[in-house]
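A structural walkthrough
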Amino acid sequence: MSIRTDEFMRNIPILLILVIFLQPSILLADDLERHPLFKIERSKNANILQYDAQIRPDGALDKKKPVVVYWVRLAEQGQIKKLSWIQRVFAYGFKTRQDPRSDSVSLDMAVDIGQPVKVQRVNGVYRATLTIDDRLMVLERIYIRTIENGLLTKVKSIELFGWGADDDEVMYERLEPCGKSSKSFCKPRTHTEGDR
């Protein structure tokens, strides 16, 4: 009996190493809190893309992955799914740039909407923001209108919905393709509408 106990005691360090490598979530709990930023809706179907800020326990944005995006499959059964590589790189993903002067990040979206989406604190809460007509807009949702032509999908317009960061006034902007085969979108017209 003591031979087995001694053998077990000698193997404890090996067992601990295996637990660390095979189950890191047991020892390294994920303390990040997710805060919804904005969503993308599409005319194609009811599935949406949700963008969330990841906030550390100290209240700051996570340095490694400050923003995450994922599918919410409302057209199916509401499942949460990861984006494919093609979706991340060419359609709905983004590159993150940290602002060293403040606790904020800029998202360079895969599809060029003319400016980065900035994730920053607005009234103490992390929000996605854009500048429209020299005003700061809190971005709530993006609507992408497409034309389906067999296997090809063409984006007809992108609409930005939100409200003024200073006055809660509803804000809206419509973007249209700058060229026939472009991934860039231009601002043909901008307007604001009544109070939110």
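One can find the structure itself at the top, above this paragraph.
These figures come from a predicted structure and were not determined experimentally.

Moving on: the nonpolar core. Judged by nonpolar contacts, the single largest core of 35 residues is most densely connected at Phe38, Tyr51, Val117, Leu139 and Ile158. The residues contacting Phe38, other than those within four sequence positions of it, are Leu49, Gln50, Tyr51, Met109, Val117, Ala128, Leu139, Glu140, Arg141 and Ile142.

As a further point, take the pairing of strand 11 (residues 169-177). In this structure, strand 10 (residues 152-164) lies alongside strand 11, joined through six bridges in antiparallel fashion. Considered in strand 11, the bridge of Trp163 is made with Val170. Between strand 10 and strand 11, which pair antiparallel in sequence order, lie four residues; one of them, Asp168, sits at a positive phi of approximately 60°.

Further remarks concern unusual backbone geometry. Of all residues except glycine, most have a negative phi; of all peptide bonds, most are trans. You will see that Asn123, though not glycine, has its phi angle at about 55°, which is positive. By the element assignment, Asn123 lies in the loop between strand 7 (117-122) and strand 8 (125-132). A positive phi angle is found at Asp134, which is not glycine, with a value near 60°. Here Asp134 is to be found in the loop between strand 8 and strand 9 (135-149).

Another aspect to go through is a nonpolar patch on the surface. Together, Trp85, Ile86, Val89 and Phe90 make up a nonpolar patch on the protein surface, roughly 430 Å² of accessible area in all. As for its position among the elements, Phe90 is in helix 3 (residues 85-92). Since its relative accessible area comes to 47%, Phe90 is described here as partly exposed.

Rules used in this analysis
Residues numbered from 1 in each chain as written. Predicted model: local features only at pLDDT ≥ 70, side-chain atom pairs only at ≥ 80, totals over all residues. Heavy atoms only, no water. Core = buried A, V, L, I, M, F, W, Y, C linked by side-chain atoms within 4.5 Å. Buried < 20%, exposed > 50% of the residue type's maximum accessible area, 1.4 Å probe, protein only. Contact = heavy atoms within 4.5 Å. Pairing = 2+ DSSP bridges. Helix = DSSP H or I, 4+ residues; strand = E, 2+ residues; numbered from the N terminus. Patch = residues over 30% accessible without salt bridge, like charges linked within 9 Å, V, L, I, M, F, W, Y side chains within 5 Å. Areas by Shrake-Rupley, 256 points an atom, 1.4 Å probe, with all protein chains shown as cover. Salt bridge = Lys/Arg side-chain N within 4 Å of Asp/Glu carboxyl O.

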